[in-house]
Amino acid sequence: MLTKNTKSYLVFILLLLISACTNQVETSQISPQKPSSEIEQIAKPTPQVAKTPNLQHELLNGKNATTASPIGKFDFENFTFPLPRGWQEVDSKEITLENGKRPLTEERIGMEYVTTKFFDVTGDGEDEALVVLKVLTGSITIPQNIYIFEWKDDSPELLWNFRTGDRADGGLKNIYLENGELTVELFGRDRYIFGEMETSKIVGDEERLCCPTNWTKTVYKREGNIFKLDGDRWTYSLLDKNAEPIKNMNELELQEERGAKQ
């Protein structure tokens, strides 16, 4: 039988145990305070890295990549192409691809197959081949050469070839047939093809090569052995898609310059 003192002692021990458990529960419910440096690190936003635009996505969209015409079966990845002015070598005016490429060396430029599109650019009812090659320079530049072949005597015959610039500096945006007319889009302000090369840039068309802000749409008509510019040149803004295109910007700016001098 427990004495009175023993009972009092047991009650005291029980109260101590209950108090200890309560403090432990309350402590576990309180989140530990994070150091201020750790809080700042969590709250700091992750910097967003601007992506370089893919300037070849329209050209490589897969449209007009096949044809029922015989030229559609020809292997342009193993073929010899003439080099346009500006890319010709000292001892050669042509280049031969093997498996779609000629490697870049210290002595010779490199070239790589990009794509082939098929359109009836002559209006004879048969598709021609528009072959695009990229010049390999050892850097991220994208100057390109375009060749238009028709199928004649069971082999491709060159109708016209021209070169384009590098990305924002007159680089190729797209090439296609619109309303039966050969249409070329080049990055830059008032850029178009003259003979075998794109025209020089107009004053004020200097910007980062990676990220063009304008592009030019032009149409070409076959005359003899070449295609010539047909109609006006239209410059569009890539920054404001709703902006009206500017017609023949080079002439417009020259007129404004003459007016300012008078």
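Heads up: the structure comes first, above all this text.
Conventions used here
Residues numbered from 1 in each chain as written. Predicted model: local features only at pLDDT ≥ 70, side-chain atom pairs only at ≥ 80, totals over all residues. Heavy atoms only, no water. Helix = DSSP H or I, 4+ residues; strand = E, 2+ residues; numbered from the N terminus. Buried < 20%, exposed > 50% of the residue type's maximum accessible area, 1.4 Å probe, protein only. Contact = heavy atoms within 4.5 Å. Areas by Shrake-Rupley, 256 points an atom, 1.4 Å probe, with all protein chains shown as cover. Salt bridge = Lys/Arg side-chain N within 4 Å of Asp/Glu carboxyl O. Disulfide = S-S within 2.5 Å. 1 Å grid on protein atoms, 1.4 Å probe; cavity = no way out; pocket = protein on both sides within 12 Å on 5 of 7 lines; lining within 4 Å. Points joined across faces, edges and corners; volume = space filled by probe spheres on them. Nonpolar A, V, L, I, M, F, W, Y, C, P; charged D, E, K, R; others polar.

## A closer look at the overall build of the chain
Secondary structure assignment for the chain yields three helices and 15 strands. Burial analysis of the chain (262 residues in total) assigns 34% to the buried set. Long-range pairs, those at least 24 residues apart, make up 48% of the contacts in the chain between residues at least 6 apart in sequence. Counting every atom, the chain has about 16,800 Å² of accessible surface; 52% of that belongs to carbon and sulfur.

## Describing the pattern of salt bridges
The tally for this structure, following the rule as stated, stands at 14 salt bridges. A salt bridge links K217 to E178, with the shortest nitrogen-to-oxygen separation between them at 2.8 Å. Of this pair, K217 sits in strand β12 (residues 214–223) while E178 sits in strand β8 (residues 172–178); the two residues are 39 residues apart in sequence, bridging distant segments of the chain. Looking at K217, the relative accessible area reads 18%, which means it is buried. Of the residues examined, E178 reaches a relative accessible area of 30% and is grouped as partly exposed. Of the charged contacts in the structure, one is a salt bridge between K228 and E223, with a shortest N-O distance of 3.6 Å. Here E223 falls in the partly exposed class, since its relative accessible area comes to 41%. Bridged by salt links that share partners, the residues E89, D91, R102 and R108 form one connected network.

## Let's talk about the state of the cysteines
Inspection of the entire model under this criterion finds one disulfide. Across a sulfur-sulfur distance of 2.3 Å, C210 and C211 are joined as a disulfide pair. The disulfide joining C210 to C211 has a torsion of about -85° about its S-S bond and is therefore left-handed. Assessed through its relative accessible area of 18%, C210 is described here as buried.

## Some details on empty space enclosed by the protein
Applying the stated criterion across every chain, the model contains one cavity of 30 Å³ or more. Quantified by volume, the largest cavity comes out at close to 30 Å³. When the residues that make up the lining of the largest cavity are grouped by side-chain class, the tally is four nonpolar, three polar and one charged.

Taken by themselves, the reported measurements are silent on function.
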